[in-house]
Amino acid sequence: MSEHTPRINSSRLRALLDGVNAFGKNPRTGGFNRTGYSQADMAVRTWFMEEMRRDGLAVSRDGVANLFGRFGPRGGPSILVGSHLDTVPEGGAFDGALGACVALECVRAMRDAGIVPAVAVEVVATAEEEGRFGGMLGSQAIAGTVTTEQLDAAIDADGTRLSEAMKSCGLDARDALTAARAPGSVAAFLELHIEQGPVLEERGIPVGIAHTVAGLVNLAVRLDGRANHSGTTPMHLRADALAGMAGIAHAIPDILAAHGGENSRITIGKLDIQPNFMHTVPGRADFVVNIRDTHPARIAALCDAMRECMTAVAKANGLGCTVEEHSRMEPVALDPDLTGVLREEAARLGLAALDMPSGAGHDAQTMQALCPSALVFVPSRNGVSHAPEEFTDWPDIEQGAELMLAVLTRLAAGSPTGRG
Ligand SMILES: [Zn+2]
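As the structure is a prediction and not an experimental result, all values here were calculated from the model.

1. Re the layout of surface pockets
In this model, the second largest pocket occupies a volume close to 270 Å³. For the second largest pocket, the lining is made up of 14 residues, of which Pro6, Arg7, Leu349, Glu402 and Ala406 are closest to its centre. Sort the elements by how many residues they give to the lining of the second largest pocket and helix 12 (residues 394–412) lands first, with 6 residues. When the residues that make up the lining of the second largest pocket are grouped by side-chain class, the tally is 6 nonpolar, 4 polar and 4 charged.

2. Comments concerning the packing of helix 1 (residues 10–20) against helix 3 (residues 97–112)
Contact geometry for helix 1 and helix 3: axes closest at 9 Å, N-to-C directions at 140°. In terms of axis orientation, helix 1 runs oblique to helix 3. Along this stretch, helix 1 crosses helix 3, giving a crossing that reads as right-handed. Within the contact between the two elements, helix 1 uses Arg12, Leu13, Leu16, Leu17 and Val20 and helix 3 uses Ala97, Leu98, Cys101, Val102, Leu104, Glu105, Arg108, Ala109, Arg111 and Asp112. Along the lines of polarity and charge, the residues of the contact of helix 1 with helix 3 split into 10 nonpolar, no polar and 5 charged.

3. So, the pairing of strand 15 (residues 373–378)
Along strand 15, 6 of the 6 residues are buried, which leaves the element largely enclosed by surrounding structure. Because side chains alternate across strand 15, one face comprises the buried residues Ser373, Leu375 and Phe377, and the other comprises Ala374, Val376 and Val378, equally buried. Bridge count between strand 6 (residues 207–213) and strand 15: 3 bridges; the pairing is antiparallel. Within the sheet, the bridge partner assigned to Gly208 lies in strand 15 and is Phe377.

4. Comments concerning helix 1
Of the residues making up helix 1, those classed as buried are Ser10, Arg12, Leu13, Leu16, Leu17, Gly19 and Val20. In this fold, the buried residues of helix 1 make contact with helix 2 (39–54), helix 3 and helix 12.

5. As for the coordination of the zinc ion
Distances from the zinc ion to its protein donors, His84 (NE2), Asp95 (OD) and His193 (NE2), fall at 2.0 to 2.1 Å. The sequence pattern describing where the donors of the zinc ion fall on their chain is H-x10-D-x97-H. With His84 in strand 3 (residues 78–84) and His193 in strand 5 (residues 186–194), this residue pair connects regions lying 109 residues apart in the sequence. Each member of the pair, His84 together with His193, is buried.

6. Details of the packing of helix 1 against helix 12
At a minimum axis separation of 11 Å, helix 1 and helix 12 run at an interaxial angle of 105°. Put simply, helix 1 runs roughly perpendicular to helix 12. When helix 1 is examined against helix 12, the residues Ser10, Leu13, Arg14 and Leu17 are found in contact with a partner set consisting of Trp394, Ile397, Glu398 and Ala401. Considered class by class, the residues forming the contact of helix 1 with helix 12 number 5 nonpolar, 1 polar and 2 charged.

7. Examining the packing of aromatic side chains
Here the structure, examined in full by the defined rule, presents 2 aromatic pairs. An angle of 85° between the planes, with centres 5.6 Å apart, marks the rings of Phe94 and Phe391 as edge-to-face. With Phe94 in the loop between strand 3 and helix 3 and Phe391 in the loop between strand 15 and helix 12, this pair connects stretches of sequence that are 297 residues apart. Residue Phe94 is classed as buried on the basis of its relative accessible area of 6%. Its relative accessible area of 24% is what places Phe391 among the partly exposed residues.

8. Side note on the pattern of salt bridges
All told, the structure shown has 23 salt bridges when counted by the stated rule. Note that Glu122 is salt-bridged to Arg181, the shortest N-O span being 2.8 Å. With Glu122 in strand 4 (residues 120–126) and Arg181 in the loop between helix 6 (162–167) and strand 5, this residue pair connects regions lying 59 residues apart in the sequence. Pair check on accessibility: Glu122 and Arg181 agree, each one buried. As a salt-bridge pair, Asp224 and Arg222 come within 2.8 Å of each other at their nearest N and O atoms. For Asp224, a relative accessible area of 28% translates into the label partly exposed.

9. Some words on the side chain of Ser380
Position of Ser380 relative to the elements: it lies in the loop between strand 15 and helix 12. Overall, the relative accessible area of 1% leaves Ser380 in the buried class. A polar contact of 3.5 Å, which involves the side chain of Ser380, links it to the backbone nitrogen of Glu195. Discounting chain neighbours no more than four positions away, the residues touching Ser380 are Ile194, Glu195, Gln196, Gly197, Glu201, Phe391 and Thr392.

10. Overview of the domain arrangement of the protein chain
For the protein chain, the assigned domains are domain 1 (10–213 + 331–412) and domain 2 (215–329). Taken together, the 7 residues of domain 1 in the interface contact 9 residues of domain 2. Of the roughly 530 Å² buried between domain 1 and domain 2, counting both surfaces, carbon and sulfur atoms make up 66%. On the domain 1 side of the contact with domain 2, Pro331, Pro357 and Gly359 bury the most area, a combined 65% of that side's loss. Here the residues of the side of domain 1 that touches domain 2 sort into 4 nonpolar, 3 polar and no charged.

11. Looking at the sheet that holds strand 7 (residues 215–224)
Strands sit in the order 9-11-7-12 across an open sheet of 4 strands; the sheet is antiparallel. Each edge of the open sheet is held by one strand with a lone partner, namely strand 9 (265–274) and strand 12 (320–329). Here the strands of the sheet are splayed against their neighbours by 15° on average, with no regard to which way each runs. Here 9 bridges tie strand 7 to strand 12, and the two strands are oriented antiparallel to one another. Pairing of Arg222 across the sheet is with Thr322, part of strand 12. Against the sheet, helix 9 (residues 296–316) touches strand 7, strand 9, strand 11 (284–293) and strand 12, its axis set at about 160° to strand 11.

Reading the values: the criteria
Residues numbered from 1 in each chain as written. Predicted model: local features only at pLDDT ≥ 70, side-chain atom pairs only at ≥ 80, totals over all residues. Heavy atoms only, no water. 1 Å grid on protein atoms, 1.4 Å probe; cavity = no way out; pocket = protein on both sides within 12 Å on 5 of 7 lines; lining within 4 Å. Points joined across faces, edges and corners; volume = space filled by probe spheres on them. Helix = DSSP H or I, 4+ residues; strand = E, 2+ residues; numbered from the N terminus. Nonpolar A, V, L, I, M, F, W, Y, C, P; charged D, E, K, R; others polar. Axes fitted to C-alpha atoms, helices over the stretch in contact; angles between N-to-C directions. Parallel < 35°, antiparallel > 145°, perpendicular 65-115°, else oblique. Left-handed = near helix turned anticlockwise from the far one by under 90°. Contact = heavy atoms within 4.5 Å. Buried < 20%, exposed > 50% of the residue type's maximum accessible area, 1.4 Å probe, protein only. Pairing = 2+ DSSP bridges. Donors = N, O, S within 2.8 Å, 3.2 Å for Na, K, Ca; no water. Phe/Tyr/Trp six-rings, centres within 6.5 Å; stacked < 30°, edge-to-face > 60°. Salt bridge = Lys/Arg side-chain N within 4 Å of Asp/Glu carboxyl O. Polar contact = N/O pair within 3.5 Å; in protein donor to acceptor, adjacent residues only side chain to side chain. Domains from an automatic or database assignment. Buried area = accessible area lost by both parts, 1.4 Å probe.

Next up, the structure:
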C-alpha cells in the first residue's frame, strides 16, 4: 500500500472512548470511577492493552501499570503520545481517557495510511495521574523522578497505603523505582487533554497549545482561638477562629490585585472548624490556602503576602496562627521547539490555536524532566471537569486529534522536531 495523508476516523475514536468508559461507570450518577489501582482501573488497562495488541502494536506494561503500544521500529528512541486512564471519583468521560484514545486513533490512522515511521510512535496510557496517592505516579516513574520516601508515604483518603493497593493488583510499589526510561530513549512526549477551564469555549477557539504548566504551593494554616458559648460571650471578647479565616479569605482579591498576574489563583478549598457546633464560637480553624501561578517569583510574592495577611488578621482577632508549607510544585515551561511544531502544524491545517498556560497539573509537566514535552487542549463545555457533566464537542475533538496526528506524522518521519 502506498503512503497517503492520514485522517482521523471519528467514529472509530468514539467507539474506543466508549469502550474505555464502559469501565467504572456509575449508572446512577453518570460519573466514572476508575481511581488509580482500583478494580475498574486495572480492568480498563487490560482491555486497552488488548485493543493495542489487536492493532499489531508491540505492547508492554511497566511496574506501575503504565501501558505502552509501540508502532514502528523496535529499536531507537520513540515519540510517546498519550494521557492517563484513571479518573477522580465520579469523574467525567473525557479527562485523561480522551488523550489516551486520541493517541491510539492517531496510530491507527497512520497505519491505515500506509505510513512506515522512521521514528517509533509509542501510545502510552499512564497510571495514577489523578491523585488517589498524590498523582502523576505513572509519568514520574517513566521520567525517573519517583523517590522511596514518596512511595512509603503515599496513602489514600481511606487510609490505604499505595503499596497495599498495588499489591492487591499484583504490583510491587518498589518497581516504580525501576520503571524509568533511559534518557535519550524517548524523543518527545505529546499529550492531548481537555482544557478543564472556560477559556477556549469563551473565545471560540478549538485548540489550545500550552506553553507553561502553573506551579502551586499549599499552605496549611491553623488558627487557634477560644471555643465558648455563642450566647454568653460578648462579641468584643471573642477569639473566633472562623472570623479570622473569613478575614483572610476576604483579603484574597486585594492580595491578587497587588501582587498577582493574569495567571494567579488563590483558593481556600479545604476548611475544618472545631468544635463545629451551632451554639459554640469556633475555637480552632484548619484550612489550606492553594496558591498557583506560572512564574516562581510571583508564587513567592503571593506566599509572602498571604503569610503577612494571616499574621495581621490573626493578631487583630486575638488568634494564634501557624502556617506550614505542605506541597510545592514549581511551574514547568514545556518545550518551546515542540510547542513550535504544534503551532506550525495548526497553522498548516488552518486551525486557530491559542497559546495558553495550563492551570491544572498534567503528565506533560512531569515528562518534561525526561524529554521535550507538549500539551494540546480541546475545549471543555462550560469549563466543567472532574464531574459527570464534563463534555467536549466532537468537532472540537476531531480538530485536536487531527493536529496531534499531523504532528506525530511529521515527527515520526524524521528528527525529534521533525526538521531533519
Ligand atoms: Zn487529566
